Every structure is written in structure tokens, then in C-alpha cells.
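# Overview (structure and organization)
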Amino acid sequence: MTTPSDQLSTLSQALQHLRSDALAVPAFSRLAQNQLELLAALPPQYAEVLYNLLDRLESSALFSEESCSFSQGALLDNLQLWLDKAQLQLDKAKPA
């Protein structure tokens, strides 16, 4: 069974692959949406924010950077921020 921390690590690695164009946006989005143990371990608003970011990321992938209202680079930065905050939440939830 995969732990929430394992899934967070998988998602973090996938984001790096996405940044280096080694992974396509739809594949990243599917992977992110399937990290169910991670999402279950986080407060509910984390899933809402993640899905919102993924929707905007998928929209940005359909258009060139200039014609899209979302900057793909900024969305990737926001996904990294989401990952960082998710890590803090998981760390807080660990027993001392």
C-alpha cells in the first residue's frame, strides 16, 4: 500500500518531469488526481485547490503561452507551492 508521503514524493517527481517536458500535462493531471491516499490525508480544501490548479493547467496546455490567460510557468510554481504546503500538513499530522 502506498502512503500519503510516497504519493507526495511521486507527485513531486512528476512535477519535475512536467517542468522538463518529460511528462505531458494530461498524464500529470491524471497522476495527480489518482493520489487518493494523499488527498484523503490532507484537509478537504487541498483537493479543491489541486483540482482548480489542474483545470487551469490543462486549459493552458491547449493554447500557446501568449493566448492563454494562465501562465503555465506560474501554474507550475503554484503546484510546487501546493506540494510544499501538503508536505507541511503531512509533517504536522505525524505523531511526535
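Scroll up a little and you will see the structure.
Right, let's walk through the structure included here. (Residues numbered from 1 in each chain as written. Predicted model: local features only at pLDDT ≥ 70, side-chain atom pairs only at ≥ 80, totals over all residues. Heavy atoms only, no water.)

### Quick notes on the overall build of the protein chain
What the protein chain contains, in helices and strands, is five helices and zero strands. From first element to last, N terminus to C terminus, the protein chain shows the α and β order α-α-α-α-α. By its C-alpha atoms, the protein chain is 50 × 25 × 15 Å across when sized along the principal axes. The burial tally for the protein chain puts 30% of its 96 residues in the buried class. At a minimum sequence separation of 6, the contacts of the protein chain that also span at least 24 residues come to 62%. Between the centroid of the 6 positive side chains of the protein chain and the centroid of its 11 negative side chains there is a distance of 6 Å. (Helix = DSSP H or I, 4+ residues; strand = E, 2+ residues; numbered from the N terminus. Buried < 20%, exposed > 50% of the residue type's maximum accessible area, 1.4 Å probe, protein only. Contact = heavy atoms within 4.5 Å. Lys, Arg positive; Asp, Glu negative; His and termini not counted. Charge placed at Lys NZ, Arg CZ, Asp CG, Glu CD.)

### Considerations on the packing of aromatic side chains
Scanning the model with the defined rule gives one aromatic pair in all. Taken together, a centroid distance of 6.0 Å and an interplanar angle of 65 degrees make the contact between Tyr-46 and Trp-82 edge-to-face. Linking Tyr-46 in helix α4 (residues 44-61) with Trp-82 in helix α5 (residues 72-93), this pair joins segments that are 36 residues apart in sequence. Per residue, the accessibility class of Tyr-46 equals that of Trp-82, and both read buried. (Phe/Tyr/Trp six-rings, centres within 6.5 Å; stacked < 30°, edge-to-face > 60°.)

### Here's the deal with the pattern of salt bridges
Between side chains of opposite charge, a pair can form as their charged atoms come close. In this structure the tally under the stated criterion is one salt bridge. Between Arg-19 and Asp-77 there is a salt bridge, and its shortest N-O distance comes to 3.0 Å. Of the two residues, Arg-19 sits in helix α1 (residues 4-19) while Asp-77 sits in helix α5, which places them 58 residues apart along the sequence. (Salt bridge = Lys/Arg side-chain N within 4 Å of Asp/Glu carboxyl O.)

### Describing helix α2 (residues 25-33)
Within α2, the full set of buried residues consists of Val-25, Phe-28, Ser-29 and Ala-32. On an axial view of α2, the arc spanned by its buried residues comes to 100 degrees, and they lie on one face. Along its buried surface, α2 packs onto α1, α3 (36-41), α4 and α5. (Arc of directions from axis to C-beta.)

### Observations concerning the environment of Ala-74
Within the secondary structure layout, Ala-74 lies in helix α5. Separated by 17 residues in the primary sequence, Ala-74 and Leu-57 place their C-alpha atoms 9.6 Å from one another.

### Some points on α1
In an α-helix there are 3.6 residues to a turn, and that puts residues three or four apart on one side. With 16 residues, α1 should cover 22 Å at 1.5 Å per step; its first-to-last C-alpha distance of 22 Å lies within 8% of that length. If you check which residues of α1 are buried, you get Gln-7, Leu-8, Leu-11, Ala-14, Leu-15 and Leu-18. Projected onto a plane normal to the axis of α1, the buried residues spread over an arc of 125 degrees and lie on a single side. Looking one or two places after α1, you find Asp-21, whose phi comes out positive at around 65 degrees. (Expected span 1.5 Å × (residues − 1).)

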